Every structure is written in C-alpha cells, then in structure tokens.
Amino acid sequence: MYGIVNQAIQGLVTEQFGEDTWMEVKKRSNIDFNTFLSNESYDDSVTYQLAGATSEVLGISVDQVLEAFGEYWVLKTGQENYGSLLKAGGRSLKEFLVNLPNFHSRVMLMYPNLTPPEFRISHIEDRSLQLHYYSEREGLVGFVRGLIQGLGKMFDTTVETKLLQSRDDGSDHEVFYVEW
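Residues numbered from 1 in each chain as written. Predicted model: local features only at pLDDT ≥ 70, side-chain atom pairs only at ≥ 80, totals over all residues. Heavy atoms only, no water.

(A) Region of the structure containing the packing of aromatic side chains. All chains considered together, the criterion is met by nine aromatic pairs. Look at F96 and F155: their rings are 5.9 Å apart centre to centre, the planes differ by 50°, and that puts the pair in the tilted class. Highlighted residues: F96 in helix 5 (residues 93-99) and F155 in the loop between helix 7 (141-154) and strand 3 (160-165), separated in sequence by 59 residues. For the pair F96 and F155, a shared accessibility class is recorded, and that class is buried. Grouping aromatic residues by their ring pairs yields a cluster made of F69, W73, Y82 and F143. The lysine or arginine in question, R120, covers the ring of Y134, its NZ or CZ lying 4.5 Å from the ring centre. (Phe/Tyr/Trp six-rings, centres within 6.5 Å; stacked < 30°, edge-to-face > 60°. Helix = DSSP H or I, 4+ residues; strand = E, 2+ residues; numbered from the N terminus. Buried < 20%, exposed > 50% of the residue type's maximum accessible area, 1.4 Å probe, protein only. Lys NZ or Arg CZ within 6 Å of the ring centre and 35° of its normal.)

Pasting the structure below:
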C-alpha cells in the first residue's frame, strides 16, 4: 500500500489518542519507519501490523480499528488529498456510490502502481443498493464499512450497512446492503 495509507493511520491515532499512543503503536508493530512517504509503496504487511498494534494498544478489535480508519480516510485524508475527486463523485450518497466503480481509475492517475479494489453496484433502489467489493487484500470488511459511514457523514446522510455475503463464507467477494 502507498505511504499515504500509513500516514492516515498515524494521523487517526495521533489526532484521537495522542502522540504517546502512536509511539506505543509503532513500538508494538515493530515498524521502524520514522515517516511514511505518501507516494512510496510499502508492503501491505506494514499496514496490517499497524492496524494490529493499534488494536492491541486501544483494546479494541482490528475490525473496529479498520472501521474508524475507513471513516477517517473519507472525512480527513480523502477531503485533504482528493477533495475535488470526492466532489466530482456525486452530489448525494446514492449518486456517489453509483459512481464509485469509476473512482479508483481516477486515483490511479496519481498512484500508477496502485492495486485498487473493485466496486460494483447492483439492486439500486430509491434508498438502498448493494455494493460488491472485490479485492486482492483480505480482512478489510471493517475498512469498507467505515468508508461507507464516512461517506454518509460527508453527505449528511444516516447510513446503515449489512454484510450479505463474505469471502469468509466461501464467496469470491463481499456484498454490502447499504441503506440510507
């Protein structure tokens, strides 16, 4: 993953829990990077180690860490680094989610070595849809849930998600029922 992801984890921890907590996370993760360069690629294990160490230090599940991180990613990192892309994605939560499958193709112009997830949309209704999430990376269901929550806040829309199918149950991808 690119360094911007690890920078965002650092930002989440330091802003919400303080610099001392971040130093403890770094220590427990056995990560010896002093800084992460946003456009540099790091092994995925670095990000997973940081999430696991954050879970240990805060005494919450990795899934809860990833959910908080997903929300932070939209509301802080996304706004600061991809504000115009987020605005171009739609004027409402529904419009943004319907356009989500095209989002990463634009982000890849900035990060050419990105291995992004793929999103597909189905069962579009007035106040709900199904979001299909395909990724080479496993264990990021909480992150996707957090992204959806962050998008809901961005559009000032109460949103609920339910996981309908998962790779943990033998499927080849996750499907989220998203209702607002």
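(B) Representation of the packing of helix 1 (residues 3-17) against helix 3 (residues 44-58). Running from N to C, helix 1 and helix 3 point in directions that differ by 15°, and their axes come no closer than 9 Å. On the basis of their axis angle, the class for helix 1 and helix 3 is roughly parallel. Where helix 1 crosses over helix 3, the two elements pack in a sense that is left-handed. Contact residues: helix 1 offers V5, N6, I9, V13 and F17, while helix 3 offers V46, T47, L50, T54 and L58. Split into classes, the residues belonging to the contact of helix 1 with helix 3 amount to seven nonpolar, three polar and no charged. (Axes fitted to C-alpha atoms, helices over the stretch in contact; angles between N-to-C directions. Parallel < 35°, antiparallel > 145°, perpendicular 65-115°, else oblique. Left-handed = near helix turned anticlockwise from the far one by under 90°. Contact = heavy atoms within 4.5 Å. Nonpolar A, V, L, I, M, F, W, Y, C, P; charged D, E, K, R; others polar.)

(C) Summary view of the nonpolar core. Counting residues in each nonpolar core, the largest one holds 47 residues, and the members touching the most others are L50, F69, W73, L97, L131, F176 and V178. When residues of this core are traced back to their parent elements, those giving at least two are helix 1, helix 2 (19-29), helix 3, helix 4 (62-88), helix 5, strand 2 (128-134), helix 7 and strand 4 (174-179). Tallying contributions element by element places helix 4 first for this core, with nine residues. Excluding residues that lie within four positions of it along the chain, F176 makes contacts with L129, Q130, L131, Y133, V141, V144, R145, I148, K162 and L163. (Core = buried A, V, L, I, M, F, W, Y, C linked by side-chain atoms within 4.5 Å.)

(D) Highlighting unusual backbone geometry. Despite not being glycine, H123 shows a phi value in the positive range, around 50°. Along the chain, H123 turns up in the loop between strand 1 (118-122) and strand 2. Relative accessible area serves as the criterion here: at 53%, H123 is assigned to the exposed category. Non-glycine residue D156 carries a positive phi angle of around 50°. Position of D156 relative to the elements: it lies in the loop between helix 7 and strand 3. Relative accessible area serves as the criterion here: at 74%, D156 is assigned to the exposed category.

(E) Expanded view of the pattern of salt bridges. Tallying each qualifying case throughout the model produces ten salt bridges. Across the salt bridge formed by E71 and K153, the nearest N and O atoms sit 2.6 Å from each other. You can see E71 sitting in helix 4 and its partner K153 sitting in helix 7, a full 82 residues away along the chain. When the shortest N-O distance is used, the salt bridge between E80 and K76 registers 3.0 Å. Separated by four residues within a single helix, E80 and K76 lie in helix 4, roughly one turn from each other. Within this structure, E15, K76 and E80 form a network of salt bridges that share partners. (Salt bridge = Lys/Arg side-chain N within 4 Å of Asp/Glu carboxyl O.)

(F) A look at the side chain of K26. Among the structural elements, K26 can be located in helix 2. No salt bridge is formed by the buried K26; its nearest oppositely charged neighbour, E19, is found at 7.4 Å. There is a polar contact of 3.1 Å between the side chain of K26 and the backbone oxygen of F33. Beyond its immediate stretch of four places on either side in the chain, K26 contacts I31, F33 and N34. (Lys, Arg positive; Asp, Glu negative; His and termini not counted. Polar contact = N/O pair within 3.5 Å; in protein donor to acceptor, adjacent residues only side chain to side chain.)

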